[in-house]
Amino acid sequence: MSGPLVLGIESSCDETGIGIVRGTELLANEVASSVEQHVRFGGVVPEVASRAHLEAMVPTLRRACATADVDLTEIDGIAVTAGPGLMGALVVGLAAAKALAVALDKPLYGVNHLAGHVAVDLLEHGPLPTPCVALLVSGGHTSLLEVDDIATSITELGATIDDAAGEAYDKVARLLGLPYPGGPHIDRAATGDPAAIAFPRGLTAPKDLVKHRFDFSFSGLKTAVARWVETRERDGEAIPVADVAASFQEAVCDVLTGKAIDACRATGAESLLIGGGVAANGRLRTLLAERASAAGIALRTPRPGLCTDNGAMIAVLGAEVIEAGGAPSALDIGADPSLPV
Ligand code: KG4
Ligand code: ZN
């Protein structure tokens with residue numbers, strides 16, 4: 001395989017990721033997560049994440065170079081997440097990338113984190129048929145994207161207007177007394193009846209459809225679960241955790257899959273790609289597989305280690321940008337916490 005040899009740096013949230021690719025060949029993907037340091041706070045604490053990036057950056061870089069058996073002087077370019085993400089966290093990755101670019105005299109490419117979640121699939125499933133729709137669901141983002149060209153043309157069809165899907169999982173898990181991050185715990189606890197409690201779907205009423213056709217909202221659902229649990233507790237009743245978890249999960253997955261399939265129909269996309277930590281969810285995968293198959297849409301799901309934040313996704317996106325003849329970024333490029341795709 002050929003293509004540019006690219007180092008990718010990811011630090012938008014709580015994962016310090018360094019990836020090395022040659023074109024779409026994965027050579028190294030080292031990730032250091034600070035998730036354990038956030039557990040007692042029930043969510044990512046930006047200051048703690050930034051400090052952890054600073055400590056993990058160089059050791060993670062060293063591990064990636066050793067795994068790939070690559071000397072930094074050989075690389076063709078450095079790609080780095082410029083946004084969206086946590087300001088202080090992004091700044092650490094950008095500073096590292098700029099330092100390397102200057103020291104090695106290599107071009108720097110500031111890239112979009114969400115586009116990286118799409119590009120990572122190239123490492124596993126090869127060229128992306130376009131147009132393609134991507135559903136990105138994590139603790140930080142919930143977006144539906146139309147991808148016409150991975151390096152040059154990605155359009156946001158919709159996004160959450162409040163909580164991200166993973167954030168809703170984490171908050172509901174907390175209500176049910178389950179540990180952080182709550183997604184995997186709810187996934188496992190959801191053994192009850194998904195129709196036991198009719199939780200709201202959010203932004204699906206006809207009046208919402210035109211303006212917010214592909215937008216999401218999960219804060220109403222979270223509040224509905226909180227009210228339901230509080231009422232039972234006040235009445236001294238036991239909380240049927242398996243039923244609450246299954247009913248909540250069904251509401252989230254129903255909306256995510258319904259809109260993703262609708263977005264494919266609206267854009268003529270025959271492939272649907274999923275990414276982000278919530279893409280590991282068992283019910284989401286089952287429902288998507290059922291509905292995609294019924295609609296004749298091919299589902300592309302990168303393996304879990306590539307779905308969550310990592311450096312390889314940034315490296316492969318950088319390689320695509322280089323191949324497309326994209327201009328390097330200026331060395332004074334800043335971090336943009338709400339960088340659009
Ligand atoms: O992509 P990720 O590792 O980090 C970012 O948020 O950027 O995603 C973490 C999120 C958390 O909210 C976590 O609860 C959720 O993904 N998650 C899941 C599952 N595994 C992780 N949510 C539902 N079901 C899962 N199996
Ligand atoms: Zn992400």
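Within each chain, residue numbers correspond to sequence positions counted from 1 in written order. Ligands are numbered from 1 and chains lettered from A, in the order in which they are written. In keeping with the predicted nature of the model, local features appear solely for residues at pLDDT of at least 70, side-chain atom pairs appear and are counted solely at 80 or more, and the whole-chain, interface and lining totals rest on all residues.

## Overview of the sheet that holds strand S2 (residues 15-22)
Thinking step 1. At least two bridges found by DSSP between two strands is the condition for calling them paired. Here a helix means four or more residues in a row that DSSP labels H or I, a strand means two or more in a row labelled E, and each is numbered from the N terminus. The strand order across the open sheet formed by 5 strands is S3-S2-S1-S4-S5, and the pairing between neighbours is mixed. Each having just a single partner strand, strand S3 (25-33) and strand S5 (108-112) make up the two edges of the open sheet. Each adjacent strand pair in this sheet contributes to an overall mean axis angle of 20 degrees, direction not counted.
Thinking step 2. Judged from the 8 bridges that link them, S2 and S3 form a sheet pairing that is antiparallel. Along S3, the bridge assignment pairs Gly 17 with Val 31.
Thinking step 3. Sheet contacts for helix H12 (residues 312-323): strand S1 (5-10), S2, S3, strand S4 (77-83) and S5; angle to S1, the most-contacted strand, approximately 135 degrees. Angles here are taken between N-to-C directions and fall from 0 to 180 degrees, while the axes themselves are lines fitted to C-alpha atoms, restricted in helices to the stretch in contact. A residue pair is marked as a contact if its C-beta atoms, positioned from the backbone, fall within 7 Å.

## Observations concerning the UniProt feature "binding site: substrate" (unreviewed entry) in the protein
Thinking step 1. Those places that UniProt annotates as "binding site: substrate" (unreviewed entry) correspond, in this numbering, to Leu 136, Val 137, Ser 138, Gly 139, Gly 140, Asp 170, Gly 183, Asp 187 and Asn 281.
Thinking step 2. One can find Leu 136 in strand S6 (residues 132-137).
Thinking step 3. Residue Leu 136 is classed as buried on the basis of its 27 C-beta neighbours within 10 Å.
Thinking step 4. With residues up to four places along the chain from it excluded, the contact list for Leu 136 reads Leu 114, His 117, His 141, Ser 143, Leu 145, Gly 275 and Gly 276.
Thinking step 5. Checked against the element boundaries, Ser 138 lands in the loop between S6 and strand S7 (142-149). UniProt positions are given in the numbering used here, feature names are shortened, and annotations may be inferred rather than shown by experiment. As a rule, residues whose C-beta atom has 12 or fewer other C-beta atoms within 10 Å are exposed, those with 20 or more are buried, and those in between are partly exposed; C-beta atoms are placed from the backbone.

## Looking at the environment of Thr 160
Thinking step 1. Note on placement: Thr 160 falls in the loop between strand S8 (153-159) and helix H6 (165-175).
Thinking step 2. For Thr 160, a count of 21 C-beta atoms within 10 Å gives the class buried.
Thinking step 3. C-alpha of Thr 160 to C-alpha of Glu 323: the two residues are 163 residues apart in sequence and 32 Å apart in space.
Thinking step 4. Aside from chain neighbours lying at most four places away, what touches Thr 160 is Thr 142, Phe 216, Ser 217 and Phe 218.

## Description of unusual backbone geometry
Thinking step 1. The amide bond that connects Thr 130 to the next residue, Pro 131, takes the cis arrangement and shows omega of 0 degrees.
Thinking step 2. With respect to the helices and strands, the residue Pro 131 is situated in the loop between helix H5 (121-125) and S6.
Thinking step 3. Residue Pro 181 is reached from Tyr 180 by a cis peptide bond, and omega for that bond is -10 degrees.
Thinking step 4. Topologically, Pro 181 is positioned in the loop between H6 and helix H7 (183-189).
Thinking step 5. Backbone geometry places Asp 105, a non-glycine residue, at a positive phi of 55 degrees.
Thinking step 6. Turning to its location among the elements, Asp 105 is positioned in the loop between helix H3 (87-104) and S5.

## What to know about the UniProt feature "binding site: Fe cation" (unreviewed entry) in the protein
Thinking step 1. Within the UniProt annotation, "binding site: Fe cation" (unreviewed entry) is assigned to His 113, His 117 and Asp 309. For this annotated set, covering 197 residues, all C-alpha atoms fall within 8.7 Å of each other, a compact arrangement in space.
Thinking step 2. Owing to 31 C-beta atoms within 10 Å, His 117 belongs among the buried residues under this scheme.
Thinking step 3. Filtering out sequence-adjacent residues up to four positions away, His 117 remains in contact with Leu 136, Gly 275, Gly 276 and Met 313.
Thinking step 4. Mapped onto the secondary structure, Asp 309 falls in the loop between helix H11 (304-307) and H12.
Thinking step 5. Residue Asp 309 is classed as buried on the basis of its C-beta count, with 28 C-beta atoms lying within 10 Å.
Thinking step 6. The contact partners of Asp 309, leaving out residues within four places of it in the chain, are Glu 10, Ser 12, Cys 13, Glu 15 and Gly 17.

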